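Structural overview
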Amino acid sequence: MVKVLIHHGVTSTRICYLLQRSPYSWDTKTACYLIKKTTLILHKTMNPALNDAQKRAVETLSGPMLVLAGAGSGKTRVVTFRIANLIRQGIQPSRILAVTFTKKAAQEMQYRVSELIPMDPEDRPEISTFHSLCVRILRRQIEGLGYSPRFTIMDTSDQASTCRKVLREIRVADSTLRPRDLQHLISHWKNRGVRPAQAATVAATDKEHIGAIAYRRYQEELIRCGAVDFDDLLLLVDDLFVKCPEIKQQEASRFDHLLIDEYQDTNAIQYSIVRALAEQHRNICVVGDDDQSIYGFRGSEVQHILNFPKDWPGASEIRLEANYRSVATILELANTLIAFNKSRYDKILKPARTGGKRPRIEQFKDEDQEAEEVVKSLAIQISRGEWNPRDIAILFRTNEQPRVFEQELRKHDIPYVILGSKSFFDRKEVKDILSYLRIVQNPHDEPSMRRIINSPPRGISNATVGKLIDAATDRGVAMWEVMQSPEILSEFSVPVRNAIRNFIALVATGKQLFADMIGRQELQKFLQVCRYDKEVERTSNDQEEQQLRWSSVEEVVNTVASFNDKQKNPTLEKFLDEIALAASDIDEDKDKQLDQDAVALLTLHASKGLEYPVVYMVGLEEGILPHKRSLQFEGEAVDEERRLAYVGVTRAQDELILSMALTRRKWGRVYEQIPSRFLFEMIGQSDNPNSYKKKSAVETR
DNA sequence: CAAAGCCGTTTTTTT
DNA sequence: AACGGCTTTG
């Protein structure tokens, strides 16, 4: 093993020299790889000297501050160093709140900060996502809004079934307003701060007026089930702050400093919460890049970051425009591309790294050939030792795209991980078990109740369930309540009545089992009591399938076990919250696989904040990127797609390969595809209306 | 009450 | 093409 002492000022030429002089006879392949690896490490870790702009962002500690940070400019590093610096200057760690976009980012930051500055485990800065922060507040305070503190967090499929129920109840035909449309509409409103009562006033079309009525019913349903949906987590906290100023005061005074990463993705509610938390001390530092705002569909508004200086008078503004991530050739493409967007702060990323391979653009016959060739090409890179699997990522726009690539990768025996997919939680067995647990935690949860009340079959038929639900809805109470009412039970036959009683007893057993904590043994015992093995047996056609299904059950058990290991106080409630908010604890398998060296497959959205030496961006076709849904509106929607493409390009450190297919199959039919406009824009084959006039920073009002 | 079969929809992106 | 909800049948 050769040790190369890496310190400031070590260049790759120097490393090359050292390698050649070393007593080992490196073949070219190995030497080449070592140099690449070392250069990367150099750029990643050995860039500790902050540049002037970064230094200012880290050292100006009080008052509002806006950090406009381009891709790869060391954004996360600045936040981390800033937190460490605050602590170093004597701020008590637990008085600092940092908000990140994903749970993973929060964990990473937590770790980085503790690396920079030693800390008492009891006195740490709070680093979390908006959603976890809000859950914490709600669990303590939600009674002020008439909810039970044992509320469950509904997932999207529960949301959909609630929408279906509501529409049926108010007799809206599918042709008028489909459940899915209602779900989107409600989420759209909630993300923009529209409460049920206000919906009627903002509704413009007939559809939306019906939607407004359904929205009110939907919200009543949630309260009846003791449930909140994702959007409620934020909305209810905002409501709580308005309704109970003392709670707002209490929450706001917990912190003296507030830092927010990815500020360009803030929506109206988050913005309002941020204001509430920071208006007293005004020590708010937001970091973001308007060019990377890609969550408009969720109500994120670039306007918030553009307006920051107006909202917080006296705010200092710092721009980080040096890019340490990508080679110059890649950055050039990114800069040319993003210049096509009209409404943005005008900034150009300046490469800290020079030269680099020219990005390739490749065209294929169809999506099969695209996958074949892409995988072949990366297989060569791996076999030559130029890169390891973990250095390579394949980025795509929609979730149906990776299928073909998966097949190819398996064929070539190349390890891979699909990041950000929740497919594990889509499996029936997993959903079932989680529903069982949710019922134990909160028996009012009707969607979960419907899912498991009769699986395995225990004599409670659909008809019975229907009657129970109707009775409950009429009375405005939870299904669980009417199941215990002797009056209603008397309407059922004796065997049905007994079946219901047995089920109630089952839930009681669960409550007892999980009273203190949830762990491997508790869950195994519970599954036994539920006779869930019977259900697996019943739904499987053969031995093989049965084993496959049972293995997902075991995976859930393992997840619980690892949760139990990690948590100081592993309650059922915490477990369910974790699962609802992010699969982070569950994703540890993925992390392990990644450590084990695998090619990453992920959507452009999921790739934000990550970087890879080699990036394959696939499916660059009109209709996919930009997606055809956004082409209907042109303008801002296409600009967002362009930002998405920009995010993709700027993930690449050393090599970028852009590809497209000329035909593509969808639902069994073959469609002709045209190359994405972004391809032409990137390579300067498209006129840029914005580049003629000298642009200044966008008007901020 | 349970199982089998039919019909219609779905695919943009996610905490 | 695949899945879930609904209806029919046993």
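The coordinates are above.
If you're wondering where the values come from, they're calculated on a predicted model, not measured in any experiment.

Definitions and limits used
- Residues numbered from 1 in each chain as written.
- Chains lettered and ligands numbered in written order.
- Predicted model: local features only at pLDDT ≥ 70, side-chain atom pairs only at ≥ 80, totals over all residues.
- Heavy atoms only, no water.
- Helix = DSSP H or I, 4+ residues; strand = E, 2+ residues; numbered from the N terminus.
- Buried < 20%, exposed > 50% of the residue type's maximum accessible area, 1.4 Å probe, protein only.
- Polar contact = N/O pair within 3.5 Å; in protein donor to acceptor, adjacent residues only side chain to side chain.
- Pairing = 2+ DSSP bridges.
- Axes fitted to C-alpha atoms, helices over the stretch in contact; angles between N-to-C directions.
- Contact = heavy atoms within 4.5 Å.
- Near = heavy atom within 4 Å.
- Nonpolar A, V, L, I, M, F, W, Y, C, P; charged D, E, K, R; others polar.
- Salt bridge = Lys/Arg side-chain N within 4 Å of Asp/Glu carboxyl O.

Below, the discussion takes up the side chain of threonine 100. Structurally, threonine 100 is set in strand 2 (residues 96–100). Judged by relative accessible area, which is 3%, threonine 100 ranks as buried. At 3.0 Å, the side chain of threonine 100 and the backbone oxygen of threonine 102 are in polar contact. Within the local environment of threonine 100, its side chain forms a polar contact with the backbone nitrogen of alanine 106, the two atoms lying 3.4 Å apart.

This part is about the sheet that holds strand 6 (residues 257–260). Where strands meet in a sheet, backbone hydrogen bonds hold them as pairs that are either parallel or antiparallel. Strands sit in the order 3-2-6-7-1-8 across an open sheet of six strands; the sheet is parallel. The sheet is open, and its two edges are formed by strand 3 (126–129) and strand 8 (316–320), each paired on a single side. Averaged over all neighbouring strand pairs, the angle between strand axes comes to 15°, with direction disregarded. Here strand 2 pairs with strand 6 via four bridges, running parallel. When the bridges of strand 6 are listed, alanine 98 appears paired with leucine 259. Against the sheet, helix 6 (residues 130–141) contacts strand 2 and strand 3, and its axis sits at roughly 105° relative to strand 3.

Let us now look at the protein's contact with DNA strand B. Close to DNA strand B lie 27 residues; Arg180, Arg397, Ser461, Thr464 and Arg629 are nearest. Looking at DNA strand B alone, sugar and phosphate atoms form 65% of those within 4 Å of the protein. Between arginine 178 and DNA strand B, the recorded distance is 2.9 Å, taken from a side-chain N or O atom to a phosphate oxygen. Glycine 459 places a polar main-chain atom, nitrogen or oxygen, 3.2 Å from a phosphate oxygen of DNA strand B. Residues of the surface near DNA strand B, tallied by class, amount to nine nonpolar, ten polar and eight charged.

Here we take up helix 29 (residues 572–581). Most of helix 29 is tucked away: seven of the ten residues are buried. Turning to helix 29, its buried residues are Leu572, Phe575, Leu576, Asp577, Glu578, Ile579 and Leu581.

This part covers the pattern of salt bridges. For the coordinates displayed, the defined rule picks out 57 salt bridges. Put simply, glutamate 221 and arginine 217 hold a salt bridge, and the shortest N to O gap is 3.1 Å. With glutamate 221 and arginine 217 both in helix 10 (residues 206–224) and four residues apart, the pair spans about one turn of that helix. A single burial state applies to glutamate 221 and to arginine 217, both of which are buried. Note that aspartate 291 is salt-bridged to lysine 347, the shortest N-O span being 3.1 Å. Here the residue aspartate 291 occupies a position in the loop between strand 7 (284–288) and helix 14 (302–306), and lysine 347 occupies one in the loop between helix 16 (328–338) and strand 10 (350–351), the gap between them amounting to 56 residues. For the pair shown, aspartate 291 and lysine 347 are each scored as buried. One network of salt bridges, with partners in common, ties together Lys165, Glu169, Arg217, Glu220, Glu221, Arg224 and Glu446.

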